[in-house]
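Residue strings, one per chain:
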Amino acid sequence: MHKSIGCAVTSAGVVMLAALSGLQAQELNDYPTSARADYVFACMKANGETRRALEQCSCSIDVLASLLPYERYVSAETVLSMSQVIGNLGTQFRSTEQAKTAVNDLRRAQAEAEVRCF
């Protein structure tokens, strides 16, 4: 093989590998920083404002993000928030199968995060 062809093939392989690695990292880290910070802040309020709580809560959002895509997280949080509304609107969020599934997925991810981090 000609030396310049070998370099071109190697370079193309490196570029493809880097692109795939970037895609995987992006898929694993689809939670915006502000959403992660909000989660950690609320978690620390509930679990104490200590260094240990910071580490546990940071671990918790990392586990949650690895198990539940951000879009599903937002859906479940919306259902939980809207299901507290009194009346027909709240009932619609409490009673649909899609809403129940979203919340159940979030609860399972939270339970796994609890086991791994606390």
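Residues numbered from 1 in each chain as written. Predicted model: local features only at pLDDT ≥ 70, side-chain atom pairs only at ≥ 80, totals over all residues. Heavy atoms only, no water.

### Observations regarding the overall build of the chain
- When helices and strands are tallied, the chain shows 6 helices and 0 strands.
- Reading the chain from its N end, one meets helices and strands in the order α-α-α-α-α-α.
- With 118 residues in all, the chain has 25% of them scored as buried.
- If you take every contact in the chain between residues at least 6 apart in sequence, the share linking residues at least 24 apart comes to 61%.
- Roughly 8,100 Å² of accessible area belongs to the chain as shown, and the carbon and sulfur atoms make up 59% of that amount. (Helix = DSSP H or I, 4+ residues; strand = E, 2+ residues; numbered from the N terminus. Buried < 20%, exposed > 50% of the residue type's maximum accessible area, 1.4 Å probe, protein only. Contact = heavy atoms within 4.5 Å. Areas by Shrake-Rupley, 256 points an atom, 1.4 Å probe, with all protein chains shown as cover.)

### Side note on the pattern of salt bridges
- Across all of its chains, the model carries 6 salt bridges by this definition.
- Across the pair Asp62 and Arg36 runs a salt bridge whose closest N-O atoms are separated by 2.7 Å. Taken as a pair, Asp62 in helix H3 (residues 51–67) and Arg36 in helix H2 (residues 33–47) lie far apart in primary sequence, 26 residues in all.
- Take Asp62: its relative accessible area is 44%, and that puts it in the partly exposed class.
- Note on Arg36: relative accessible area 17%, which makes it buried.
- Here Arg108 and Asp105 are joined by a salt bridge, their closest N and O atoms 2.5 Å apart. With Arg108 and Asp105 both in helix H6 (residues 97–117) and 3 residues apart, this pair spans about one turn of that helix. (Salt bridge = Lys/Arg side-chain N within 4 Å of Asp/Glu carboxyl O.)

### Considering the environment of Ser66
- Along the chain, the position of Ser66 falls in helix H3.
- Judged by relative accessible area, which is 42%, Ser66 ranks as partly exposed.
- Of note is the side chain of Ser66, whose polar atom sits 2.7 Å from the backbone oxygen of Val63. (Polar contact = N/O pair within 3.5 Å; in protein donor to acceptor, adjacent residues only side chain to side chain.)

### Side note on the nonpolar core
- Of all hydrophobic cores here, the largest spans 20 residues; its most connected members are Tyr31, Ile61, Leu64, Leu68, Tyr73 and Leu106.
- Elements with a minimum of two residues in this core: H2, H3, helix H4 (70–82) and H6.
- Contact partners of Leu106, with chain neighbours within four places excluded, come to Leu64, Leu68, Tyr73, Ala76, Glu77 and Leu80. (Core = buried A, V, L, I, M, F, W, Y, C linked by side-chain atoms within 4.5 Å.)

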